[in-house]
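Breakdown of the fold
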Amino acid sequence: MRIDSYIEKLLFDYNCVVVPGFGAFLAHGKSAEIDTVTNTLIPPSKSISFNAQLSKNDGLLVSHIAKEKKLGYEELLQEVENVAEDWNKRLELGESLELFGIGKLWLNREQRIQFQPENRVNYLTSSFGLSSFAATPIQREVLKEEVEELEEKIPFIITPEKREETYFRPWLKYAAIFLLAISLGVTSYRTYGDLKQKEVAAQQDAQQEVSRLIQEATFFESDPLELPAISINVSKKQLGKHHVIAGAFRMEENAEKRVAQLKEKGYSAFYLGANKYGLHQVAYDSFEDPKDALVFLRKVKATESRDAWLLSEK
């Protein structure tokens, strides 16, 4: 007679099933858990164990089998006790018992029964239909963590230079002068026939003149001495929001030199402008997609400079 199928069925509803004269199979509740190595979510379950000390008949198993087979209790008790006796003899002979859906039993060197649960059946009825599944990490969170980690490791680079005299850009003066020029041009054109056409033409001419003079702007010291003119090249590059920075310089002319050096090496380098600390920043390149920026940053760190870092505009 095989009684393992009856034991298995009772374990769904009871936490202790005693085999008279042999021992008890115990079911213990186990909470849901996450395997962080494989990112697998395991649902709640019941874990099965065996206790050879609990061998006194509690009537549960025998009554269940008697009801299933529609036989007398005493008759079934004797059959169950015979099965238990047979199991004990097989274990003493060094055999192992394989109970379907429950597990494996054998004797160790100290002649004590050892039990290994099968773990193929979840005996927790509230978890019926639930199975383990692997969860894929969300890519955008990983990217965010990588960017934050890179920002924490960003070195604040100030290139050593000789201290030189400080210059300033009189942009506001230029703006005031040419706004006045626009006003004067509009006033003078009012003496001609077509006022609106002349006004539009004067504004266009003034804007072109402002653009030309800004590009040829001369920088002055705080004293009235005039210094050699410096031409500013206005970049037409369409910048992204994520810049791979090559360095930050106190002097703009050193930033321009760095741009020229990187362009000779084949980079799409450009002058990004001054930050809130007054340092002139130079970028290897800029990207719209942060993933592309991170890939390029790793390449630069491996081949060009480990001091490169990522600046993302909010």
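Residues numbered from 1 in each chain as written. Predicted model: local features only at pLDDT ≥ 70, side-chain atom pairs only at ≥ 80, totals over all residues. Heavy atoms only, no water.

Under the annotation held in an unreviewed UniProt entry, the protein chain carries the name SPOR domain-containing protein and is attributed to Flagellimonas marina.

**As for the nonpolar core**
Of all hydrophobic cores here, the largest spans 31 residues; its most connected members are Ile-3, Ile-7, Val-19, Phe-22, Phe-25, Leu-61 and Trp-87. Every element with two or more residues in this core is listed here: α1 (4-11), β1 (16-19), β2 (23-30), β5 (45-51), α2 (60-69), α3 (73-92), β6 (97-99) and β7 (103-107). For this core, the element with the highest residue contribution is α3, accounting for seven residues. (Core = buried A, V, L, I, M, F, W, Y, C linked by side-chain atoms within 4.5 Å. Buried < 20%, exposed > 50% of the residue type's maximum accessible area, 1.4 Å probe, protein only. Helix = DSSP H or I, 4+ residues; strand = E, 2+ residues; numbered from the N terminus.)

**Quick word on the environment of Thr-40**
Structurally, Thr-40 is set in strand β4 (residues 40-42). A residue is classified by how much of its surface remains accessible, and Thr-40, at 17% relative accessible area, is buried. Through-space distance from the C-alpha of Thr-40 to that of Ala-134 is 4.1 Å; in sequence the pair is 94 residues apart.

**Here we look at the packing of α1 against α2**
If you want to describe how two helices pack, look at the angle between their axes and the distance between the axes. At their nearest, the axes of α1 and α2 sit 10 Å apart, and the two run at 110° to each other. In terms of orientation, α1 and α2 fall into the roughly perpendicular class. Across the interface between the two elements, Tyr-6, Ile-7, Lys-9 and Leu-10 of α1 pack against Leu-60, Leu-61, His-64, Ile-65, Glu-68 and Lys-69 of α2. Residue composition of the contact of α1 with α2, by class: six nonpolar, one polar and three charged. (Axes fitted to C-alpha atoms, helices over the stretch in contact; angles between N-to-C directions. Parallel < 35°, antiparallel > 145°, perpendicular 65-115°, else oblique. Contact = heavy atoms within 4.5 Å. Nonpolar A, V, L, I, M, F, W, Y, C, P; charged D, E, K, R; others polar.)

**Quick look at the sheet that holds strand β10 (residues 242-249)**
Ordered by their spatial adjacency, four strands build an open sheet running β11-β12-β10-β13, and the pairing between neighbours is antiparallel. Looking at the sheet topology across the chains shown, the edges are occupied by β11 (270-274) and β13 (309-312). The sheet shows a mean angle of 45° between the axes of neighbouring strands, taken without regard to direction. Contacts from helix α7 (residues 252-264) reach β10, β11 and β12 (280-287), with the element oriented near 35° to β12. Sheet strands touched by helix α8 (residues 290-303): β10, β12 and β13. Its angle to β12, the strand with the most contacts, is close to 115°. (Pairing = 2+ DSSP bridges.)

**What to know about the pattern of salt bridges**
Under the criterion given, the structure shown has five salt bridges. Residue Glu-95 pairs with Arg-90 through a salt bridge whose shortest N-O separation is 3.2 Å. You can call Arg-90 partly exposed: its relative accessible area is 29%. In this structure, Lys-265 and Glu-304 form a salt bridge, with 2.9 Å as the shortest nitrogen-oxygen distance. One end of the pair, Lys-265, is in the loop between α7 and β11; the other, Glu-304, is in the loop between α8 and β13, and 39 residues separate them in sequence. Judged by relative accessible area, which is 26%, Glu-304 ranks as partly exposed. (Salt bridge = Lys/Arg side-chain N within 4 Å of Asp/Glu carboxyl O.)

**Describing the packing of aromatic side chains**
How two aromatic rings sit relative to each other is set out by the distance from centre to centre and by the angle between their planes. Applying the stated criterion across every chain yields a total of eight aromatic pairs. The interplanar angle of 75° and the centroid separation of 5.1 Å between the aromatic rings of Phe-22 and Trp-87 together place this pair among those described as edge-to-face. One end of the pair, Phe-22, is in the loop between β1 and β2; the other, Trp-87, is in helix α3, with 65 residues separating them in the sequence. For the pair formed by Phe-22 and Trp-87, the shared burial category is buried. Ring centres 5.1 Å apart and planes at 55° place the aromatic pair Phe-25 and Phe-50 in the tilted group. One end of the pair, Phe-25, is in strand β2; the other, Phe-50, is in strand β5, and 25 residues separate them in sequence. The pair formed by Phe-25 and Phe-50 is uniform in burial state, with each residue classed as buried. Through pairs of rings, three or more aromatic residues link up here, namely Phe-22, Phe-25, Phe-50, Trp-87 and Phe-115. (Phe/Tyr/Trp six-rings, centres within 6.5 Å; stacked < 30°, edge-to-face > 60°.)

**Examining α3**
For an α-helix the count is 3.6 residues per turn, leaving residues at separations of three or four pointing the same way. With 20 residues, α3 ought to run about 28 Å at 1.5 Å a step, and its terminal C-alpha atoms sit 29 Å apart, in line with that. Among all positions in α3, only Leu-76, Leu-77, Val-80, Val-83, Ala-84, Trp-87 and Leu-91 are buried. Each buried residue of α3 sits inside an arc of 125° when the element is viewed along its axis, so together they form one side. Seen from the buried face of α3, the exposed residues on the opposite side, beyond 90 degrees, are Glu-74 and Glu-92. Close packing links the buried residues of α3 with α1, β1, α2, β6, β7 and β8 (113-117). Just past α3, the residue Gly-94 takes up positive phi, approximately 90°. (Expected span 1.5 Å × (residues − 1). Arc of directions from axis to C-beta.)

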